[in-house]
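Single-letter residue listing:
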Amino acid sequence: MIRVLFFGPVADRVQTHEMQLEFNAGMTLHDVIAKLGAQHPNAFGIVSLIAVNQTQVHDKHTVLNDNDEIAFMAKFSGG
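The text that follows walks through the structure, step by step, so that each part is easy to find. Nothing here was measured: the structure is a model prediction, and the numbers come from that model. (Residues numbered from 1 in each chain as written. Predicted model: local features only at pLDDT ≥ 70, side-chain atom pairs only at ≥ 80, totals over all residues. Heavy atoms only, no water.)

1. A short note on the nonpolar core
And then number 1: Formed by 22 residues in total, the largest nonpolar core has its most connected members in Val 4, Phe 6, Leu 29, Val 32, Leu 36, Ile 70 and Phe 72.
And then number 2: Listed by contribution, the elements that provide at least two residues to this core are strand E1 (2-6), helix H1 (8-14), strand E2 (18-21), helix H2 (29-39), helix H3 (41-44), strand E3 (49-52) and strand E5 (69-73).
And then number 3: When residues of this core are assigned to their parent elements, the largest contribution, four residues, is made by H2.
And then number 4: Non-local contacts of Val 4, meaning those with residues more than four positions away in its chain, are made with His 17, Glu 18, Met 19, Leu 21, Leu 36, Ile 70 and Phe 72. (Core = buried A, V, L, I, M, F, W, Y, C linked by side-chain atoms within 4.5 Å. Buried < 20%, exposed > 50% of the residue type's maximum accessible area, 1.4 Å probe, protein only. Helix = DSSP H or I, 4+ residues; strand = E, 2+ residues; numbered from the N terminus. Contact = heavy atoms within 4.5 Å.)

2. Things to note about H2
And then number 1: For H2, the full list of buried residues reads Leu 29, Val 32, Ile 33, Leu 36 and Gly 37. In a view along the axis of H2, the buried residues occupy a sector of 120°, so they form one face of it.
And then number 2: Those residues of H2 hidden inside the fold are in contact with E1, E2, H3, E3 and E5. (Arc of directions from axis to C-beta.)

3. Side note on the pattern of salt bridges
And then number 1: In total, this model carries two salt bridges according to the counting rule given.
And then number 2: One salt bridge in this structure joins Arg 3 and Glu 18, with 2.9 Å as the shortest N-O distance. Of this pair, Arg 3 sits in strand E1 while Glu 18 sits in strand E2; the two residues are 15 residues apart in sequence, bridging distant segments of the chain.
And then number 3: Look at Arg 3 and you get partly exposed, because its relative accessible area is 33%.
And then number 4: We classify Glu 18 as partly exposed; its relative accessible area is 37%.
And then number 5: The salt bridge involving Glu 69 is made with Arg 3; its shortest N-O contact spans 3.0 Å. Taken together, the residues span a long stretch of sequence, with Glu 69 in strand E5 and Arg 3 in strand E1 at a distance of 66 residues.
And then number 6: Connected through shared salt-bridge partners, Arg 3, Glu 18 and Glu 69 make up one network. (Salt bridge = Lys/Arg side-chain N within 4 Å of Asp/Glu carboxyl O.)

Structure below.
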């Protein structure tokens, strides 16, 4: 299983903070984004930071492993 976490406005648009996805051999970050983006198109337009196992990634062709954790975040502001 892949654990998927959502933070801030992304979580608001997906209407959850966490979900599980079935892992498939050869699965990439792009596959997860495509699947979830089709289900929640308004959420993924605001994603500005993606982390896999608590490390920021930029390559959407990153190959995932069973039990990986992916986090999707939007830009945060505050003051």
